[in-house]
Amino acid sequence: MIDIHCHILHGVDDGAKDLEESVAMARIAYEDGIRDIIATPHFNELFLITADIVERKLEELQAELDRRRVAIRLHPGNEFRLENKAFIEAHLKQGDYRHLGRKKSHLLMEQRWTDYEADSPEIVERLLDAGVRPVLAHPERHFFFREDPALLQRLIELGIWTQVSADSLIGVNGPEAQQFGRWLIEAGLAHTLATDAHNVNRKPNLSAGMAVFEEIAGTEARAALEARMNSIV
Ligand SMILES: [Fe+2]
């Protein structure tokens, strides 16, 4: 399996605190059945982890995993937050963030926690026109999507993929996120799953989410889900 959203790079954001924790997370991921991890440090106003930092940290961790025989392949990424219009405009122009994987065909995009970014449809269309499909991080965790699913459905109609978090599906993010996450699967609107792991407690646990997905949607849908996720790198 591939985890497309994981804060495994050490000492950059609120993810792994040091190299040891990164290695420990990689080991947990391996035990969980994960073989590929897209490292997605935050790209927001608090943690602006730019492409050059991602590449440097990724290289360092991959070398350490290889040395310690942890058979995980790392891929570059970022979790790009739609902070505000000026932030979005400046960074989309500069391109100082990392897409998901080296094909640059997908971008992990996150909404603010406070309110919905009204320009989201325009941003999505602009990225799609440029050949980049936005993957929306954990919509089930945002109250405005739960209160008004039409906002999310509009973005899906435009062409975004959703990324539902494994933690949400097993109830770690509360009953509302769990219920909405399950509904997205039932409605065929969960395009990818990921762990959004931050450390060895908030750990890589993709298999638990996959089991919930399969129980709701069936084995064929799970195979299609995995194929879709694998196509990103
Ligand atoms: Fe995240």
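This is a predicted model, so every value here is computed, not measured. (Residues numbered from 1 in each chain as written. Predicted model: local features only at pLDDT ≥ 70, side-chain atom pairs only at ≥ 80, totals over all residues. Heavy atoms only, no water.)

A. Quick peek at the coordination of the iron ion. Within the protein, the atoms that donate to the iron ion are His 5 (NE2), His 7 (NE2), Glu 79 (OE) and Asp 196 (OD), at distances of 2.0 to 2.2 Å. For the iron ion, the 4 donor atoms are set out with angles of 81 to 171 degrees between them, so the coordination reads as irregular. Each donor residue of the iron ion belongs to the same chain, with the gaps between them written as H-x1-H-x71-E-x116-D. Remark: Asp 196 occurs in the loop between strand 9 (192-194) and helix 9 (206-217) and Glu 79 occurs in strand 5 (residues 79-81); sequence separation between them is 117 residues. (Donors = N, O, S within 2.8 Å, 3.2 Å for Na, K, Ca; no water. Tetrahedral: all angles 85-135°; square planar, octahedral: opposite > 155°, others 65-115°. Helix = DSSP H or I, 4+ residues; strand = E, 2+ residues; numbered from the N terminus.)

B. Representation of the nonpolar core. In this structure, Ile 8 and Ile 72 are the most contacted members of the largest nonpolar core, which totals 55 residues. What Ile 8 contacts, discounting residues up to four positions off in sequence, is Ala 16, Ser 22, Met 25, Ala 26, Ile 37, Ala 39, Leu 61 and Leu 74. With 12 residues, the next largest nonpolar core counts Phe 80, Phe 87, Ile 88 and Val 132 among its residues. (Core = buried A, V, L, I, M, F, W, Y, C linked by side-chain atoms within 4.5 Å. Buried < 20%, exposed > 50% of the residue type's maximum accessible area, 1.4 Å probe, protein only. Contact = heavy atoms within 4.5 Å.)

C. Here's a closer look at unusual backbone geometry. At His 138, a residue that is not glycine, the phi angle is positive and equals roughly 30 degrees. Despite not being glycine, Asp 196 has its phi angle at roughly 50 degrees, a positive value.

D. A look at the packing of helix 9 against helix 10 (residues 219-230). Between helix 9 and helix 10, whose axes approach to 7 Å, the crossing angle comes to 135 degrees. Classified by the angle their axes make, helix 9 and helix 10 are oblique. In this structure, helix 9 contributes Leu 206, Met 210, Ala 211, Phe 213, Glu 214 and Ala 217 to the contact, and helix 10 contributes Thr 219, Ala 221, Arg 222, Leu 225, Glu 226 and Met 229. Of the residues belonging to the contact of helix 9 with helix 10, the class tally is 8 nonpolar, 1 polar and 3 charged. (Axes fitted to C-alpha atoms, helices over the stretch in contact; angles between N-to-C directions. Parallel < 35°, antiparallel > 145°, perpendicular 65-115°, else oblique. Nonpolar A, V, L, I, M, F, W, Y, C, P; charged D, E, K, R; others polar.)

E. Helix 3 (residues 85-94), seen in detail. Every buried residue belonging to helix 3 is among Phe 87, Ile 88, His 91 and Leu 92, and all of these are buried. Buried residues of helix 3, seen end-on, are gathered within an arc of 110 degrees and therefore sit on one face of the element. Opposite the buried face of helix 3, by more than 90 degrees, sit the exposed residues Ala 86, Lys 93 and Gln 94. Contact partners of the buried residues in helix 3: strand 3 (42-43), strand 5 and helix 4 (120-129). Here helix 3 starts with a cap whose side-chain oxygen sits 3.2 Å from the backbone nitrogen of Ala 86, and that cap is Asn 84. Backbone geometry just downstream of helix 3 places Gly 95 in the positive-phi region, at approximately 60 degrees. (Arc of directions from axis to C-beta. Polar contact = N/O pair within 3.5 Å; in protein donor to acceptor, adjacent residues only side chain to side chain.)

F. Up close: the packing of helix 6 (residues 149-158) against helix 8 (residues 175-186). Viewed as axis vectors pointing N to C, helix 6 and helix 8 meet at an angle of 40 degrees, and their least axial separation amounts to 13 Å. By the angle between their axes, helix 6 is oblique relative to helix 8. Considering the relative orientation of helix 6 and helix 8, their crossing is right-handed. For the pair helix 6 and helix 8, the contacting residues are Pro 149, Leu 152 and Gln 153 in the first and Phe 180, Trp 183 and Leu 184 in the second. Of the residues that constitute the contact of helix 6 with helix 8, the class distribution is 5 nonpolar, 1 polar and no charged. (Left-handed = near helix turned anticlockwise from the far one by under 90°.)

G. Expanded view of the UniProt feature "coiled-coil region" (unreviewed entry) in the chain. The sites that UniProt annotates as "coiled-coil region" (unreviewed entry) are residues 44-71. Summarising residues 44-71: 61% helix, 0% strand, and an end-to-end C-alpha distance of 30 Å. (UniProt positions renumbered as here; feature names shortened; annotations may be inferred.)

H. Structural view of the side chain of Glu 117. Note on placement: Glu 117 falls in the loop between strand 6 (106-110) and helix 4. Within the structure, Glu 117 has its side chain in polar contact with the side chain of Arg 112 (distance 2.8 Å). Leaving out residues up to four positions away in the same chain, Glu 117 has contacts with Leu 82, Asn 84, Lys 85, Ile 88, Gln 111, Arg 112 and Ile 123.

I. Summary view of helix 6. Where helix 6 is concerned, the buried positions are Leu 152, Leu 155 and Ile 156. Buried residues in helix 6, looked at end-on, bunch into an arc of 100 degrees, giving them a common side. Where the residues of helix 6 are buried, they touch helix 4, strand 7 (133-137), helix 5 (143-147), strand 8 (161-165) and helix 8. Directly beyond the C-terminal end of helix 6, a positive phi value near 135 degrees is found at Gly 159.

J. Highlighting the environment of Arg 69. Considering the arrangement of structural elements, one finds Arg 69 in the loop between helix 2 (51-67) and strand 4 (73-76). C-alpha of Arg 69 to C-alpha of Leu 19: the two residues are 50 residues apart in sequence and 15 Å apart in space.

K. Local environment of the sheet that holds strand 3. Here 6 strands make up an open sheet; going across it, the order is 3-5-6-7-8-9 and the pairing parallel. Both outer strands of the open sheet, strand 3 and strand 9, are each paired with one neighbouring strand and no more. The pairing of strand 3 with strand 5 spans 2 bridges and is classified as parallel. Across the sheet, His 42 pairs through a bridge with Glu 79, a residue of strand 5. (Pairing = 2+ DSSP bridges.)

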